[in-house]
Amino acid sequence: MARQYAIYDVFTDRKLAGNPLAVIFDGAGLSDEMMQTIAGEMNLSETVFVQPADHASHTARIRIFTPGRELPFAGHPTVGSAIALAERAYSGETANMDLVSVLEETIGPVRCAVRVRPGEASFAEFDLPRLSSRHELQLDRQGLADALSVKASAIGFENHVPTVWSAGVPFLLVPLHDVATIESVEFEPQLWERVAPMSEGRLTSAYIYCRGGVHHAAKFHARMFSPDMGIHEDPATGSAVAALSGAIHHFDALPDGHHPMMIEQGVEMSRPSYIHLHIDVKDGAVSRARIGGQAVRLATGTLDL
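Residues numbered from 1 in each chain as written. Predicted model: local features only at pLDDT ≥ 70, side-chain atom pairs only at ≥ 80, totals over all residues. Heavy atoms only, no water.

A. The arrangement of the pattern of salt bridges in detail. This model, assessed by the stated rule, comprises 14 salt bridges. For the salt bridge of R271 with D9, the shortest nitrogen-to-oxygen distance reads 3.1 Å. Here R271, found in the loop between β17 (257-265) and β18 (273-282), pairs with D9, found in strand β1 (residues 2-10); they are 262 residues apart in sequence, far enough to count as distant. Neither R271 nor D9 differs from the other in exposure class; each is buried. For D127, the salt bridge identified is with R288, shortest N-O distance 2.9 Å. Of the two residues, D127 sits in strand β8 (residues 122-127) while R288 sits in strand β19 (residues 285-304), which places them 161 residues apart along the sequence. Salt bridges sharing common partners tie together D32, R63 and E70. (Salt bridge = Lys/Arg side-chain N within 4 Å of Asp/Glu carboxyl O. Helix = DSSP H or I, 4+ residues; strand = E, 2+ residues; numbered from the N terminus. Buried < 20%, exposed > 50% of the residue type's maximum accessible area, 1.4 Å probe, protein only.)

B. Structural context of the pairing of strand β3 (residues 46-51). Of all six residues making up β3, six are buried, and the element is well covered by its neighbours. Residues E46, V48 and V50 of β3 are buried on one face, and the alternating residues T47, F49 and Q51, pointing to the opposite face, are buried as well. Of the pairings in the sheet, the one linking strand β2 (residues 19-24) to β3 comprises four bridges and is parallel in character. Paired with A22 across the two strands is T47, which belongs to β3. Where the polypeptide runs from β2 across helix α1 (residues 32-42) and back to β3, its parallel neighbour, the crossover connection is right-handed. (Pairing = 2+ DSSP bridges. Right-handed = clockwise from strand over helix to strand, strands pointing away.)

C. Representation of unusual backbone geometry. Of note, the phi angle at A253 is positive, near 50 degrees, even though the residue is not glycine. The residue A253 is located in the loop between α6 (238-252) and β17 in this model. At D283, a residue that is not glycine, the phi angle is positive and equals roughly 55 degrees. For D283, the position within the fold is in the loop between β18 and β19.

D. Up close: the environment of Q138. On the secondary structure map, Q138 appears in the loop between β9 (133-135) and α3 (141-148). Q138 gets classed as exposed once you look at its relative accessible area, which sits at 78%. Separated by 58 residues in sequence, Q138 and A196 have C-alpha atoms that sit 9.6 Å apart.

E. Expanded view of the nonpolar core. Counting 63 residues, the largest nonpolar core has F171, Y207, Y209, I263 and I291 as its most contacted members. Counting residues per element, this core draws most heavily on α6, which supplies eight residues. The contacts of I263, once residues within four sequence positions are left out, are Y207, F220, A222, V241, L244, S273, Y274, I275 and L277. Among the nonpolar cores identified, the runner-up in size contains 24 residues, and A145, L148, I208 and F225 belong to it. (Core = buried A, V, L, I, M, F, W, Y, C linked by side-chain atoms within 4.5 Å. Contact = heavy atoms within 4.5 Å.)

F. Local environment of the environment of A289. Note that A289 resides in strand β19. A residue is classified by how much of its surface remains accessible, and A289, at 2% relative accessible area, is buried. As a C-alpha pair, A289 and A206 span 83 residues in sequence and 22 Å in three-dimensional space.

G. Structural detail: α1. Listed as buried for α1 are M35, I38, A39 and M42. Along α1, the residues classed as buried sweep out an arc of 100 degrees about the axis, all on the same side. Exposed side chains of α1 directed beyond 90 degrees from the buried face belong to E33, T37 and E41. Where α1 is buried, its residues meet β1, β2, β3, β4 (60-65) and β19. One or two residues past the end of α1 sits N43, with phi positive at roughly 60 degrees. (Arc of directions from axis to C-beta.)

H. Molecular detail of α6. Its 15 residues give α6 an end-to-end C-alpha distance of 20 Å, which sits within 8% of 21 Å, the value for a rise of 1.5 Å per residue. By the criterion of burial, α6 is predominantly enclosed, with 13 of the 15 residues buried. Just downstream of α6 lies A253, where phi reads positive at about 50 degrees. (Expected span 1.5 Å × (residues − 1).)

I. Main features of the packing of aromatic side chains. Applying the stated criterion across every chain, the model contains seven aromatic pairs. Relative to F126, the ring of F73 lies with its centre 5.8 Å away and its plane at 75 degrees, an arrangement referred to as edge-to-face. In this pair, F73 is assigned in the loop between β5 (70-71) and α2 (75-89) and F126 in strand β8, connecting sequence segments 53 residues apart. For the pair F157 and Y209, a centre-to-centre distance of 5.7 Å together with 80 degrees between the ring planes defines the contact as edge-to-face. (Phe/Tyr/Trp six-rings, centres within 6.5 Å; stacked < 30°, edge-to-face > 60°.)

Written out as structure tokens, the structure is:
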């Protein structure tokens, strides 16, 4: 059977930047084992398999696989899939519209707003299906420093300290002093596997961040490493930004109101990615958070499977 697919670069407005995503449009009938094998063959951070939605009012069901395992939720597959399905349904580059779609993910239904304009990179944003929550776990500061090849004194800035947060996928968030320190990181996966805690039944991935960035509009600069997902380094990680939203609110004591910010990632990989995060705070708590970004189609093809 010929199954149509496309490759999109996500969280960017230009090709060969951002985070590449494979979208398999004809994912029905594939076993879990086959989807995992195909994701390994694609060897991208994530591969999405589009299947018929369980509810008629929803756009599609999507299954998200890294080279190592399936994820219940992820940011760049959500943004990329919403854009890919919209462009496929409405004639791609000639389309001019705003629409709302609902993608059924393992975590639950995810509501996406999509903007498609002729001659422009399409944009999509989604409401977090689960707000970020902190997992109180013991952390070895020196062990984390060794795994990142930095001095222990370089960990932390202002009142930000290492913590574990999850909005569906758990991350160990490690704040570092500045961009130069993050650029110097040499990730040691074997050391990380020894020191990183388990959370939600899996090894926590490393998400390191600092204030500022290379791009003048960036509020935070970040990198992500995940031996558990089979990803040495990821150019853009929406699910990590979803987790980070909780830490930002917690450590920065965001006041009530709307807080837009941009997080840059992938700079060290020469694949700069720009993730838009919006946090709404009401009565001292996060009431809503959204993640968005652009995506551009790089390639199309068929799988003969």
